[in-house]
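Inside the fold
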Amino acid sequence: MTGPGPAAPTARPPAGRRAGDPLIRLFHVSKSYGASFALRDVSLEVRKGEMVFLTGPSGAGKTTLMKLLFAAERPSEGQILVLGRNVGRLRESGIPALRRRVGVVFQDFKLIATRTVEDNVALALEVRGRPPREVRAKSFAMLKRVGLQHRRHQHPPSLSGGEQQRVALARALVNEPAILVADEPTGNLDAALTLEIMDLVAAAAARGTTVMVATHDQALIRRYARRTLRLDAGRLVEDLPAGGAR
Amino acid sequence: MSAFFHQLVYFARTALRGLRASPVTSAVSIATIAVAVIPLGGLLVITGNMRALLDAYGRERHLTAFLDPQLADAQAEALARHVGALAGVAHVELVSREQALERFRKRLGGSALLEALEENPLPASLEIALRPEDRSAERVRAVAAAIEKLPGVDEVAGGETWIEGYARALALVRGAGAGLGAVLAFATLLVVANTIRLAVYARRDELEILALVGASRTFMRTPFLIEGVVQGALGGAIGLALLYGAFRVVVPQLGDALELFLGWSDPSFLSARGMGLLIGGGAAFGLVGAAIAVARTRIS
């Protein structure tokens, strides 16, 4: 769907922020739970429109880093700026506004089983109080983009794993977020479905969304050849540029 | 504004979905509120009727002056005019001996005892209503004393002794009602709060997902509050309907006893305001119960 290379030009740069500006910045960030550190002194920047892989063994801190980006966790030390907001200092009432601009996809999909596919996607628009007509139109368009418009009246449990992840992706992208965070989005999928999902993720990046994908699937990282951050025991041990040697 | 309206529609839909998703717990909650509303509503009916009787008494008759049986009709009328001009008197009605007998007969429903009477034993009387500012026990006694001194007046019945007793009984019933109300309200709050808590737990995965897509706390909590309000209002309405049914069945059975002991000749059900109070009160308790539940359950 999209080829490797520099990030595609942004379709709609946010006001006051040039294309290529860092949307995510971490300055010496640590996260500890009691005496054990999940992240230790991590500093990095991700620019607008970049697609970045986050890799490392289990327990390296990938999920913790992802959670910090949508304020599901707060840093123990250091500063995190996401879309110009200091996540560490964000008040609880400020979290929803951040999350409306950061789409999130998980390995276990996190879909509401009792609601239809369309309703699941619509949720991201409904929390913003969008009018029903717009909610329906955008949900339908987004489901069409992930090839599931014909399944919109079904419930998630009747869908395959790949289809469910496409619904989750549709929900994450329907608000046209500035950032897409995907934590092992293909962890539960076979090789063919993995590529299906990753092509959709790469297409979002091509449209100007900043994407961070956590994965330990090295074949995937080689195939897409994007910038790759490697964590080990909570430390950032490697930052390879797009197309860089591995 | 329109975003607010769209969210309101979403909240209502979500709340109804929630009620349908757990029909048994919702039904238990509604039934509890209904059961609590019945005794409270019953007490409101009782106190309402007692109050109405006192008010009617206050409006119509404060003092009754029994007249000398020897008094001619014209003299009785002159006396009535005189009393009507006294300070503190608002209105006077002359009840002739015939009228008194007629009333007595009506009240006893054609008793054989009356048929046996050869002569009318009842005196004519003046029913005297006092001005609102002259209805204190002190003023009533003063006016009664003034009337009692008038020639042609045998005796003045104040009625204030039974009226005070009746007023005390009303205060007692009200006090008992307030106590019972507090206990029932507390029990209702607990049941609603627990029902809504169960609903919150049942939907915690959904709430987690809502939080991830950027729902505010208000957005997540409001449907539960609406659920509480709907349960409360439904419980109130059902309790009220059951109470009305009981009222229609029980009152005709007890008609004579109610008249004899409480002086209710035609007891009335709750006023529209009273009914609104019960349903609105149910809704309010539903809301407070739900608010307690969501405040005590971590939603973020």
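Residues numbered from 1 in each chain as written. Chains lettered and ligands numbered in written order. Predicted model: local features only at pLDDT ≥ 70, side-chain atom pairs only at ≥ 80, totals over all residues.

Brief notes about the overall build of chain A
Stated precisely, the cut-off is as follows: Numbered from the N terminus, helices here are DSSP runs of H or I no shorter than four residues, and strands are runs of E no shorter than two. A radius of gyration in this sense is built from C-alpha atoms; the matching globule rule multiplies 2.2 Å by the number of residues raised to 0.38. Partly exposed residues are those falling between the two cut-offs: more than 12 but fewer than 20 other C-beta atoms within 10 Å of their own, whereas 20 or more means buried and 12 or fewer means exposed, with C-beta atoms placed from the backbone. Note that contacts rest on C-beta atoms placed from the backbone: two residues are in contact if these are within 7 Å.
Across its full length, chain A carries seven helices and ten strands. Taking 246 residues into account, the globule formula puts the C-alpha radius of gyration at 18 Å, and chain A, at 17 Å, falls close to it. C-alpha extents for chain A along the principal axes are approximately 45 × 40 × 35 Å. Counting every position in chain A, which comprises 246 residues, the buried fraction comes to 45%. Of the contacts formed within chain A by residues at least 6 apart in sequence, a portion of 69% connects residues at least 24 apart.

Some details on the overall build of chain B
When its secondary structure is counted, chain B shows ten helices and four strands. Beginning at the N terminus, the succession of helices and strands in chain B can be written as α-α-β-α-β-α-α-β-α-β-α-α-α-α. Among the 300 residues that make up chain B, the fraction classed as buried is 30%. Excluding contacts between residues fewer than 6 apart, the proportion of contacts in chain B whose partners are at least 24 apart in sequence is 87%.

Considerations on the packing of helix α5 (residues 161-173) of chain A against helix α6 (residues 191-206) of chain A
Residue and element names in this part refer to chain A. Defined as follows: Axes, fitted as lines to C-alpha atoms, cover a helix only where it is in contact. Angles between the N-to-C directions of the axes lie from 0 to 180 degrees. An angle below 35 degrees is read as roughly parallel, one above 145 as roughly antiparallel, one from 65 to 115 as roughly perpendicular, and any other as oblique. Residues were grouped as follows: Ala, Val, Leu, Ile, Met, Phe, Trp, Tyr, Cys and Pro as nonpolar; Asp, Glu, Lys and Arg as charged; and all remaining residues, including Gly, as polar.
At a minimum axis distance of 9 Å, the contact between α5 and α6 shows a crossing angle of 10 degrees. By the angle between their axes, α5 is roughly parallel relative to α6. For the pair α5 and α6, contact is made by Gly161, Gly162, Gln165, Arg166, Leu169 and Leu173 and by Leu193, Glu196, Ile197, Leu200 and Ala204, respectively. Classifying every residue of the contact of α5 with α6 gives six nonpolar, three polar and two charged.

What about the sheet that holds strand β3 (residues 51-55) of chain A?
Residue and element names in this part refer to chain A. As a reminder, the rule being used: At least two DSSP bridges between two strands are needed for those strands to be called paired.
Pairing in this open sheet of six strands is mixed, and the strands run β6-β7-β8-β3-β9-β10 from one edge to the other. Looking along the sheet, the strands with just one partner apiece sit at the ends: β6 (102-106) and β10 (235-240). When the angles between neighbouring strand axes are averaged without regard to direction, this sheet yields 15 degrees. As defined by bridge partners, strand β7 (residues 179-183) adjoins strand β8 (residues 210-214) across five bridges and the pair is classed as parallel. Note on β8: the bridge partner recorded for Ala182 is Val213. Those strands touched by helix α1 (residues 62-69) are β3, β6, β7, β8 and β9 (227-232), and its axis lies near 150 degrees from that of β7.

Side note on the interface of chain B and chain A
For an interface, size is often stated in terms of accessible area lost upon the parts coming together. The interface is formed by 16 residues belonging to chain B together with 16 residues belonging to chain A. Secondary-structure elements contributing two or more residues to the side of chain B that touches chain A are α1 (2-21) and α8 (204-212) of chain B. In terms of residue count, α1(B) provides more of the side of chain B that touches chain A than any other element does, six residues in total. Partitioning the side of chain B that touches chain A into residue classes produces nine nonpolar, six polar and one charged.

Topic: the nonpolar core
Cut-off, in case you're wondering: For our purposes the nonpolar core covers buried Ala, Val, Leu, Ile, Met, Phe, Trp, Tyr and Cys residues that link as a set through C-beta atoms within 7 Å.
Ranked by internal contacts, the top residues of the largest apolar core, which has 78 residues, are Ala170(A), Val181(A) and Val201(A). When residues in this core are grouped by element, the largest group, seven residues, is from α6(A). For Val201(A), the residues in contact, after removing those within four places along its chain, are Leu180(A), Ala182(A), Pro185(A), Val211(A) and Val213(A). Membership of the second largest hydrophobic core comes to 33 residues, among which are Val45(B), Val200(B), Leu240(B) and Leu278(B).

Some points on the confidence of the model for chain B
Residues and elements named next belong to chain B. Selection criterion: Along the chain, pLDDT gives the predictor's confidence residue by residue, from 0 to 100.
Summary statistics for chain B give a mean pLDDT of 83 and a share of 89% for residues scoring 70 or more. Ranking the elements of chain B by mean pLDDT puts helix α5 (residues 112-115) last with 65 and α8 first with 90. Scoring the predicted complex yields pTM 0.71 and, for the interface, ipTM 0.85.

A look at the domain arrangement of chain B
So the rule is basically this: Residue ranges labeled as domains rest on an automatic or database domain assignment.
When cut into domains, chain B gives domain 1 (2-57 + 163-296) and domain 2 (63-158). Taking the mean C-alpha position of each, domain 1 of chain B and domain 2 of chain B sit 47 Å from one another.

Remarks on the environment of Gln231(B)
With respect to the helices and strands, the residue Gln231(B) is situated in helix α9 (residues 217-262). Along the backbone, Gln231(B) and Ile33(B) are 198 residues apart, and their C-alpha atoms lie at a distance of 8.1 Å.

A closer look at unusual backbone geometry
Residue and element names in this part refer to chain A. With phi around 50 degrees, Lys110 is a residue other than glycine that occupies positive phi space. With respect to the helices and strands, Lys110 occurs in the loop between β6 and α3 (117-126). Located in the positive-phi region is Glu176, a residue other than glycine, with phi close to 50 degrees.

Concerning the packing of α3(A) against helix α4 (residues 132-145) of chain A
Residue and element names in this part refer to chain A. Inclusion rule: A clockwise turn of the near helix away from the far one marks a right-handed crossing, whereas an anticlockwise turn of less than a right angle marks a left-handed crossing.
Across the interface, α3 lies against α4 with an axial gap of 9 Å and an inter-helix angle of 120 degrees. Taken as axis vectors, α3 and α4 run oblique relative to one another. Note on packing geometry: the crossing formed by α3 with α4 is right-handed. Residues Val117, Glu118, Val121, Ala122, Leu125 and Glu126 of α3 pack against Glu134, Val135, Lys138, Ser139, Met142 and Leu143 of α4. Looking at the contact of α3 with α4 residue by residue, the classes come out as seven nonpolar, one polar and four charged.

With respect to the sheet that holds strand β4 (residues 77-82) of chain A
With antiparallel pairing, the four strands of this open sheet are ordered in space as β2-β1-β4-β5 (chain A). Every interior strand has two partners, whereas the edge strands, β2 (36-47) and β5 (85-86) of chain A, have only one.

Describing the pairing of β3(A)
All names here are of chain A. For β3, a buried count of five out of five residues is recorded, marking the element as mostly surrounded by other parts of the structure. Burial of β3 is two-sided: the residues Met51, Phe53 and Thr55 facing one way and the residues Val52 and Leu54 facing the other way are all buried. Two strands pair when backbone bridges link them, and β3 and β8 are joined in this way by four bridges, in the parallel orientation. Paired with Leu54 across the bridge in β8 is Ala214. Bridge analysis of β3 against β9 gives four bridges, and the strand direction is parallel. Considered in β9, the bridge of Phe53 is made with Thr228.

Considering the confidence of the model for chain A
Per-residue confidence for chain A gives a mean pLDDT of 89; residues scoring 70 or more make up 91%. Per-residue pLDDT stays below 50 along residues 1-18 of chain A; that stretch engages in 28 contacts with residues further than four places along the chain or on separate chains.

Remarks on the pairing of β8(A)
With respect to burial, β8(A) is a largely interior element, five of its five residues being buried. Here β8(A) shows two buried faces, one formed by Thr210(A), Met212(A) and Ala214(A) and the other by Val211(A) and Val213(A).

With respect to α4(A)
Residues and elements named next belong to chain A. Let me state the cut-off plainly: Expected span of a helix, by definition, is 1.5 Å for each gap between consecutive residues, and there is one gap fewer than residues.
The end-to-end C-alpha distance of α4, which contains 14 residues, comes to 20 Å, matching closely the 20 Å that a straight helix rising 1.5 Å per residue would cover. At its buried positions, α4 is contacted by α3 and α5. Positive phi appears at Gly147, one or two residues downstream of α4, with a value of about 75 degrees.

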